[in-house]
Structure formats: C-alpha cells, structure tokens
Amino acid sequence: MPAESARKSVPILAVIITLLALYLTGQSAVAVGDADETAKAYKFKELPIPLPAGYNDQPMKSLRQVNPAYAHIVAWISGIGASVAINDLTGHGRANSMCLVDPRTDDVIVTHTPTAPEQDRFTPFILDPAPMPMNDTMAPTQCTPGDYNVDGRMDILVSYWGRTPILFLAKSDATTVGNSAYQRQELVPTESADGRYHGPKWNTDAVHVGDYDGDARPDIFVGNYFRDSDMLDPDGQANVEMNNSMSSAKNAGGGHVLRWYSATSGPQPTAAYVREPKAIPYEASTGWTLSASGADLDGDGLTELYIGNDFGHDYLLHNRSKPGEIRFGIATGSRSPITPKSFRLGGDSFKGMGVDFADPSSKGRFDIMVSNITSAWGLQESNFFWENNARDNADMRAQLSEGDAPFTQEAENHGLAWTGWCWDVKFGDFLNNGNLDIVQSDGFIKGERNRWNWLQELAITNDVLMSNPNMWPNMKEGDDLAGDDEVAFYAKKADGKYVNISEQLGFDVRIPSRAIATGDTTGTGALDFAVARQWGPSSFYANESPGRGNVLNLKLYQPSANAGDRSGLSGLGVPAYGATVSVTTADGRTQLSHLDGGGGHSGFRSFEVRFGLGKSTSPVKATLNWRDAGGQLRNQTIDLAPGTRSLMLTSTAQEVPTR
C-alpha cells in the first residue's frame, strides 16, 4: 500500500514542481525586465583610486593573525575591517578627499578622489599613527572624518581592533593634506611611561558622530564587537570568546558614548572627550555592535541613535539629553499576533550589519533601513525597512517618551527584503529626481569550499556551548560563505517599488564588500560613490547618468572657534551636526534630510544635505531645524534656489558665499 500511494503521488508532485518552476521563471523574467528598464536612466564609470607610490607592489594579506583560540576560525575573524569615507579634507568646499582602510596591509590611506580638480589634489599617503603606541596586534577598522576640535578644519578619527581610537587633528599651520598636517592624540586618555600601549583593548566595528547633547559640538558613539581581549595576538592569553547566543548575545564589547568637553586650535591642536557611562541603558550597551546611525526623529534638535547588533536585539535609543549630560532611553516597537518576533523593532535576533536613516517615501519623516544576512538557501533572514508610522513630530516625541517606537517592518513590500550577506547601506538620489536610491555592500568570506552547511549547523547549537571558540566549525583559508555576493544598487521602478539593478550597471564584482561612501565630488550635483572591499581593491564610481535633474545641495555650518580664519585647511565653519532640513518643492512634494555626521557600518558619506528637484528650476521652501551653541532649538524657513548653497546656522540661518 505505501508503494501504491507513492506512485499515485508522483503525478501530483510533478504538477506542483512544474507550476513552481513556471512561477519562479515568470517572476525572474519580470524582475529582469523591470531591472533592465529601470537601469536605462543610470550610468556610472569606474575610475582608479589614486594610491601612494608603490602601494600595489607590496605583499598583500588575505587573512589576519589571530589569537590561538581563533586559529581554526581565522577566516571568520578576518572578515571585517575595510572602510571608506568621502569628505572635504582640503577646506576648499568640495567633497573630493577620501580615507580608506585596507585590511590587506592594515593601512589607512588618505587620498583624493579621481574626479578632484588639480587644486584639490595632494600626494596620497599612509596615515601613520606614530608617535602613538602601536603594535602588530592592533589593526585599523574605520576612518571617520569630522571637525573634532571645532576649529573649521576637517580631522580624522581612526578606530581599531586592539586599542581605543586615535584622533588626527588638522594643524592650523598645515597648508596641504599630508602626514605632517595632523596632530595625533588619544581619544581615550591613557598613561604610558614606557612608550607602549596600556589602555583598553577595544575592538571597534561601528562609529557614529553626532551632537547628542545639543551644544553644537560633535559627540561620539563607539560600538565594539569582541570584548576587550587579545584577539589579534598570536601569542595572546586565552581571554577570548565568541557570542553566548545566536539570538540574544550580551557578552560583547558593546557601546561607549564620549561627550565633547573642550578643544584648542593651533599648530598643536587638542580635543578633550569625556566618557558618559550612564548615557546608554546597560541592557543596550553590551551587544555585538556592527553598525550605528542616527537622526532627529521627533524634531527636538537632538539625534536619536540606532545600534545594530549581531546575534541579538538592535536598539533604537530616544535622546533625552541636555547640554553637558547625555542620556538615551530605549524605545521598542509593538507586535501583533501575526508579527514575527524579529519584525518588532528592538526585539529582533537578526544581524544589524548596516543602518541608514532617510525619507524615501517623501512623507517628511525618517524611515530606517537595516542590513542583515538574507542569503537564499543560507541564512535567509530579511533586511529591515522600518517604516515610520508617527503622525508628526509631536506624536513621535510622545511615543518615544513612553518607550514606544512607532515603526513597522515593510522591507518585502518595498522590494528590499533579500540581497545576500549584507553590510553597509546608504541612501542617495543619484538621478536628482527626488527618488532615493540605495547602495548596499555584500558578501562575507571568499573561497572555494562552500561552508553554509557548517554555519547552519552552528546556528542551532545550544547557547551553553556557543561562546567557546572550540565549539565553532572550521572557517579557514579557502572556505566560502557568500563569497560571490555583489554590491547591490536598488532603484525605484515606475510603480514605486525597488529593484536591484547592480548587474545592469556593471557592479557585479564578486569580491565581498564592506563599506559605502557617497559624495558630490565634482561640485556639479552628481552624486558619486565608493566601495571598500574586504581582501580586494576598493572601487570608485563616477556618476555619468545623462538625464540628471537639478539639485539643492546644502552645506550647513556653525561658527568655528576661529571664525574668520581661512588659512591652510580651514573651511567655512564646523559641520552643523544633526541639523535637519525639510524641503517643499513647487509641486507640493516634501523631502526630509539631515547632516549625517558619520554612521552606518564602516562607510561615511560627505557632509552634504541634498534634495533632487528633477526638471524644476524654481526656488523651494526649506525649513531648517538645529540647536545653537547655547543649546537652544532654532527653526527657520527660507526660500532657496537650486544649486550648491552654504548656510551658517547661529540664532538664524544665513546664506554665505560657498568656497
């Protein structure tokens, strides 16, 4: 009888398989057709990134040295560390300088974009941390531009595995970007009588810079992954461990908030930051942090913070600070009986590997996109698209104050649920038509031996065993996990849903990528982007899309400590960290954006607030929201014509000549 039943089932199964195949084929054809048509409006050209002389002639690594306890998972441990940023290091007013972290050499490279005009170019160089104490058990992981001593000159913050971050502060007498242009300083003060490093062994994978306490000064969130330990020391102590859960791990380095305290300018500039140990509730401060970003969600001029954690809950933190005191409260989403557990904001068990805030639906409120592992037949979670459901700022403020986060997870409805093994994510309007595109880095370990079965087995391991590295399966040189994933480029179709047009645009480079940086590097309104790759050369893509619209590109400043000084590398002022701008166009559309001080996974966009206007040449009404140096909330609406505009924000917003 069982054999007879099986024979009778064969035709039914054949029909089901045939229908499923036809469905999937049809879906694929529709998707490809949509992608082909959508991609026609875009055009990018890859240009070589200028590197220091002889850089590519030196030996290149493909793995890190690690603690002996990690030797059998060396490929896993080596899977993070590439970074890229685009900003204006020269002070000339154009975002055509770059900072790269290359794990193949563990070097921080400072260079100009290939699109920079001659007057903005300088000799590419390796940013040397000396005389700060360093050794080969430390490795850079991110470089974050910012004006950390508020003197109007762009500095660089470099974070590491194995030590606390180092500030590279631009000197007042420097006339060009170079190694000697920067004063080195510890972000976290530490004593060293013997010239060796004796500070905390932080292992940083996320940095966010914003004005948290509303004093018009940049504060810093540092998110660490592994707890303080000898993770890159081949002779290190057995003081390392892995996550103690795949869904609720709390045994990591976690988050630290550093508040700006004081600074000086000059040939030997300084910047003093103080730790704020009570800034983040303890339960949100011990996760395996891979990403962080922020925006002012409720219109009070204070930046909310989203922390993306691996192996456990992400956290949305409501800013309840005042000048001189940084405090955040946790806000979580609600869940209906049919809502999956991980689709409740703050209740997920996904991977939190990248995050960005934007207003892609032009409703005047920030949504949040988060990267996770979304590999088909691997670990198919979902990216998060947290859609903002608050009625207005007052409603958002009231709900956040009660600990409620009014967001629902809508990634699939927007066509953004599944990409691959995802990392950094950045919104940007590359056609200047008012529709935000999305660039997402992708891929993990590249090799020849597929290890998804081992990872899936690990994912169901008992939490009691998880933290012991010896219980992890081998992940060595030659092993592969999502190694062929490509950078994703999502654009809106005619129906408003997103489609990935990466292959149509020629971005199908099968080398795992980590970071995305964007910027108008030519000053022409064209948004370019760069990609940092793990164990491969980074890429720069110049935007040559032929039908770009007009754009309003705002450069927002607050007065520097040396107002009026235009010498050397000085710009117009200090970036107006966290300032938001809402624009109403002639056709009645509303767009919301903000000055992003630096956030995501390990890619950092330029300090530009951009609005695509399409074919319109009419002025727009721009409403600006910011905190002045005294902590007072300011709000002003002004008419601005398309083009690049520089605004100085004090008690009022005044347009100033753009350099």
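About the cut-offs
- Residues numbered from 1 in each chain as written.
- Predicted model: local features only at pLDDT ≥ 70, side-chain atom pairs only at ≥ 80, totals over all residues.
- Heavy atoms only, no water.
- Salt bridge = Lys/Arg side-chain N within 4 Å of Asp/Glu carboxyl O.
- Helix = DSSP H or I, 4+ residues; strand = E, 2+ residues; numbered from the N terminus.
- Buried < 20%, exposed > 50% of the residue type's maximum accessible area, 1.4 Å probe, protein only.
- Phe/Tyr/Trp six-rings, centres within 6.5 Å; stacked < 30°, edge-to-face > 60°.
- Lys NZ or Arg CZ within 6 Å of the ring centre and 35° of its normal.
- Core = buried A, V, L, I, M, F, W, Y, C linked by side-chain atoms within 4.5 Å.
- Domains from an automatic or database assignment.
- Contact = heavy atoms within 4.5 Å.
- Pairing = 2+ DSSP bridges.
- Axes fitted to C-alpha atoms, helices over the stretch in contact; angles between N-to-C directions.
- UniProt positions renumbered as here; feature names shortened; annotations may be inferred.

The chain is annotated in an unreviewed UniProt entry as RNA-binding protein of Kibdelosporangium phytohabitans.

## Focus on the pattern of salt bridges
Across all of its chains, the model carries 29 salt bridges by this definition. Across the salt bridge formed by Glu544 and Lys43, the nearest N and O atoms sit 4.0 Å from each other. Note that Glu544 is positioned in the loop between strand S30 (539-543) and strand S31 (550-558) and Lys43 in the loop between helix H1 (2-39) and strand S1 (44-47), a separation of 501 residues in sequence. The class for Glu544 is partly exposed, based on a relative accessible area of 33%. Residue Lys43 is classed as partly exposed on the basis of its relative accessible area of 46%. A cluster of three or more residues bridged by salt bridges with shared partners is formed by Asp34, Lys493 and Asp495.

## Looking at the packing of aromatic side chains
One pass over the full model with this rule turns up 30 aromatic pairs. Measuring from centroid to centroid gives 6.1 Å for Trp288 and Phe311, while their planes differ by 85°, and the two rings are edge-to-face. With Trp288 in strand S14 (residues 288-295) and Phe311 in the loop between strand S15 (304-310) and strand S16 (315-319), the pair connects residues that are 23 residues apart, well separated along the chain. For the residue pair Trp288 and Phe311, the accessibility class agrees, reading buried in each case. In this structure, Arg163 packs its charged tip against the face of Tyr160, placed 5.8 Å from the ring centre. The cationic tip of Arg217 hangs over the ring face of Trp260; the distance from NZ or CZ to the ring centre is 5.3 Å.

## A closer look at the nonpolar core
Of all hydrophobic cores here, the largest spans 63 residues; its most connected members are Ile156, Tyr182 and Leu556. With 5 residues, strand S8 (residues 166-170) is the largest single contributor of residues to this core. Formed jointly, this core draws a minimum of three residues from each of two domains, domain 1 (50-421 + 445-454) and domain 2 (550-656). What Tyr182 contacts, discounting residues up to four positions off in sequence, is Leu89, Phe125, Leu127, Met154, Ile156, Phe168, Leu169, Ala170, Lys171 and Val177. Residues Tyr70, Ala75, Met231 and Trp288 belong to the second largest nonpolar core, which totals 36 residues.

## Quick notes on the sheet that holds S15
Spatially, the 4 strands line up as an open sheet ordered S14-S15-S16-S17, and their pairing is antiparallel. Every other strand in the sheet has two partners, leaving S14 and strand S17 (328-331) as the edge strands with one partner each. Adjacent strand axes in the sheet meet at a mean angle of 30° when their direction is disregarded. As paired elements, S15 and S16 share 3 bridges and run antiparallel to each other. Following the sheet pairing, Tyr306 is matched in S16 by Leu316.

## Here's the deal with the pairing of strand S18 (residues 354-358)
Of all 5 residues that make up S18, 5 are buried, and the element is covered over most of its length. With burial as the criterion, each face of S18 is covered, one bearing Gly354, Asp356 and Ala358 and the other bearing Val355 and Phe357. Two strands pair when backbone bridges link them, and S18 and strand S19 (residues 367-371) are joined in this way by 5 bridges, in the antiparallel orientation. Bridge assignment links Asp356 to a residue of S19, and that residue is Met369.

## Concerning the pairing of strand S28 (residues 513-519)
The element S28 is largely enclosed, with a buried count of 7 among its 7 residues. Here 6 bridges tie S28 to strand S29 (residues 528-533), and the two strands are oriented antiparallel to one another. Across the sheet, the residue bridging to Ile516 is Val531, located in S29.

## Overview of the UniProt feature "domain: ASPIC/UnbV" (unreviewed entry) in the chain
UniProt's entry tags residues 576-629 with the feature "domain: ASPIC/UnbV" (unreviewed entry), counted in the numbering of this structure. End C-alpha atoms of residues 576-629 are separated by 10 Å, and the span's content is 0% helix alongside 48% strand.

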